[in-house]
Amino acid sequence: MGSRPHRAGVVLGGGRTGRRCRFPPPPPSALAAASGFVTGAAVSNLKDVLASMIPKEQAKIKSFRQQHGSTTIGQITVDMVYGGMRGMKGLIYETSVLDPDEGIRFRGYSIPECQKLLPKAAGGEEPLPEGLFWLLVTGEMPTQEQVTWLSREWARRAALPSHVVTMLDNFPTNLHPMSQLSAAITALNSESKFARAYAEGIHRAKYWEFIYEDAMDLIAKLPCVAAKIYRNLYREGSSIGAIDPNLDWSHNFANMLGYAEPQFIELMRLYLTIHSDHEGGNVSAHTSHLVGSALSDPYLAFAAAMNGLAGPLHGLANQEVLLWLTDLQKELGTDVSDEKLRDFIWNTLNSGRVVPGYGHAVLRKTDPRYSCQREFALKHLPQDPLFKLVAQLYKIVPNVLLEQGKAKNPWPNVDAHSGVLLQYYGLKEMNYYTVLFGVSRALGVLAQLIWSRALGFPLERPKSMSTKGLMQLVGYKSG
Ligand code: AMX
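What you see is a predicted model; the values in this text were computed from it and never measured.

Colleague: Quick one: what's the story with the site of the ligand, residue by residue and with numbers?
Modeller: Around the ligand sit 20 residues, and of these H314, G357, Y358, K408 and D415 come closest. Contact between the ligand and R86: an oxygen atom at 2.9 Å from a side-chain N or O atom of the residue. Relative to its free-state accessible area of 890 Å², the ligand is covered by the protein chains to the extent of 76%. Residue composition of the shell around the ligand, grouped by class: eleven nonpolar, five polar and four charged.

Written as structure tokens, this is what we have:
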């Protein structure tokens, strides 16, 4: 694996039966930008920026570990071991930190701060995910030029190898979009520069450079894979068309999906920014961290992450929310009293199910990712009946969950709102929603994967115990 020569015959998936669309060569302006240093003052080539940062970070951590390597940072209780390791401080994840009350901070910046400070598209108001990726990788707010460089760089790397297109075209229509996404990402590892370099015996100090290349390639290709899945399943296999190197990543993605409305493109920019990262312990981030620690290449590590994201308690919750809302509307109609909603929620709970889109393993307040989507809805679709229902549920579900007294966090998470916005613009295929989450999640977990290899993190291998061993350890006496 990884030692095959790079394929020349890459295609940017055409229709299922139609002509394949060759990836157009970028115009000279894009090539100039892709060589970096387009600005004069600020360096625009992300790899150069990283190369200058990494030795300093390595030295900082070395010195820290020399001083504090044996300092204790917490206690592990028996409940934590049985309770999914909640609250256990067990891994380093540099790109973002989740505060239970305040929500996510990307390299120290809250979502409202990112919305204000990250570069926007011309005429746009929402942040560009390219900027967020730059921020996650470097810890610095990027310039407009740096973000433009990334857009062009990703456009340049977007082409899919023909075997992945063929594979996607041959999947049965009853294969879930997330399974298709995961399988396609796994198959993309034919392109892994890291796997090839490792097979050739690359020095470990250079790992990060190849992880960086794979991360950039994978992020660039993901919208093409995702759009191909969408068109095969819901648009009769029509062509996704060609990438325009002068457009940003989200705009190209929206075009390939077949959505040209400017407001939808803005929604995509916001959506792909806010779903990117949620510190390191969530299932998708932790999975990519774990699999990557075995030096599996970024394609394999990210495919594993997507299998975790496809779980209904994690990313699939956005699909579950829309299914639940659809059931609710089918049963109760659109104009529903608070009392009837309460009964419906209680029925869900009493039938042993969770209320999707509510609760969180770390958060203890309303998820700011929910709040910023609510703001978007209030601005652009305040009269949408489904948005009104979601807003009504926001007033009722937390009280019911509090009354039930089980959920530690009765407040909505990101998934309670995202589908409502998508359906408003016509993207009503709810089985597809987690794929959009997955495309965004690449930004966070791959940014971290670059740093994990740059900082030389070892194979992850926690200690497991049997119940018998744990009982002996703590001196348990039965009866
Ligand atoms: N509806 C009903 N019960 C809930 C609940 C909800 N939304 N959230 C938590 N609970 C229950 C748990 O199932 C658990 O019940 P148990 O004691 O009978 O097993 C109890 O409350 C305590 O759970 P917790 O400590 O508050 O939550 P957790 O850390 O174990 O789980 C999560 C967190 C997200 C899995 C849970 O809140 C949940 O299932 N929510 C609904 C699914 C969802 O929205 N997931 C998306 C999360 C965000 C994301 O990753 N995309």
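Colleague: Summarise the state of the cysteines; cite the residues concerned and give the values.
Modeller: A complete count under the given rule lists zero disulfides for this structure. Counting only cysteine sulfurs, C372 is the nearest neighbor of C114, a cysteine outside any disulfide, at a range of 10 Å.

Colleague: Talk me through the sheet that holds strand β3 (residues 103-106); I want residue IDs and the actual numbers.
Modeller: Strands sit in the order β2-β3-β4 across an open sheet of three strands; the sheet is antiparallel. Of all the strands in the sheet, the pair left with one neighbour each is β2 (96-99) and β4 (109-110). Direction of pairing for β3 relative to β4: antiparallel, over a ladder of two bridges. Across the sheet, the residue bridging to R105 is S110, located in β4.

Colleague: Tell me about a nonpolar patch on the surface, and name the residues and values.
Modeller: The grouping of I76, V78, V81, Y82, M465, M471, L473, V474 and Y476 at the surface amounts to a nonpolar patch, some 900 Å² of accessible area in total. Along the chain, the position of Y476 falls in the segment after α21 (467-474).

Colleague: Quick rundown of unusual backbone geometry? Include the residues and the values.
Modeller: Of note in this structure, M85 is not a glycine but carries a positive phi near 60°. Of note, M85 is situated in the loop between α3 (78-82) and β2. You will see that L295, though not glycine, has its phi angle at about 65°, which is positive. Take L295: it is sitting in the loop between α13 (283-293) and α14 (298-309). The partly exposed category is assigned to L295, whose relative accessible area is 25%.

Colleague: Could you give an account of the packing of aromatic side chains, with specific residues and numbers?
Modeller: If you walk through the whole model with that rule in mind, you get 15 aromatic pairs. Pairwise contacts between aromatic rings join Y230, Y234, Y259, F264, Y424, Y425 and Y432 into one cluster.

Colleague: Which residues make up the packing of helix α10 (residues 207-234) against helix α20 (residues 433-454), and what values do they have?
Modeller: Running from N to C, α10 and α20 point in directions that differ by 175°, and their axes come no closer than 9 Å. It follows that α10 is roughly antiparallel to α20 by the angle criterion. Taking contact as the criterion, the partners of Y207, W208, I211, Y212, A215, L218, I219, L222, P223 and A226 in α10 are, on α20, V435, V439, A442, L443, L446, L449, I450, R453 and A454.

Colleague: Let's hear about the environment of C224: which residues, and what values?
Modeller: As for its placement among the helices and strands, C224 is situated in helix α10. Assessed through its relative accessible area of 0%, C224 is described here as buried. Taking the C-alpha atoms as reference, C224 lies 17 Å from H176; in sequence the two are 48 residues apart.

Colleague: Pulling in residues and values, what's your account of the side chain of S250?
Modeller: Residue placement: S250 occurs in helix α11 (residues 249-257). By relative accessible area, which is 0% here, S250 ends up buried. Contact partners of S250, with chain neighbours within four places excluded, come to P129, M268, R269 and L272.

Calculation criteria
- Residues numbered from 1 in each chain as written.
- Predicted model: local features only at pLDDT ≥ 70, side-chain atom pairs only at ≥ 80, totals over all residues.
- Heavy atoms only, no water.
- Near = heavy atom within 4 Å.
- Polar contact = N/O pair within 3.5 Å; in protein donor to acceptor, adjacent residues only side chain to side chain.
- Areas by Shrake-Rupley, 256 points an atom, 1.4 Å probe, with all protein chains shown as cover.
- Nonpolar A, V, L, I, M, F, W, Y, C, P; charged D, E, K, R; others polar.
- Disulfide = S-S within 2.5 Å.
- Pairing = 2+ DSSP bridges.
- Helix = DSSP H or I, 4+ residues; strand = E, 2+ residues; numbered from the N terminus.
- Patch = residues over 30% accessible without salt bridge, like charges linked within 9 Å, V, L, I, M, F, W, Y side chains within 5 Å.
- Salt bridge = Lys/Arg side-chain N within 4 Å of Asp/Glu carboxyl O.
- Buried < 20%, exposed > 50% of the residue type's maximum accessible area, 1.4 Å probe, protein only.
- Phe/Tyr/Trp six-rings, centres within 6.5 Å; stacked < 30°, edge-to-face > 60°.
- Axes fitted to C-alpha atoms, helices over the stretch in contact; angles between N-to-C directions.
- Parallel < 35°, antiparallel > 145°, perpendicular 65-115°, else oblique.
- Contact = heavy atoms within 4.5 Å.

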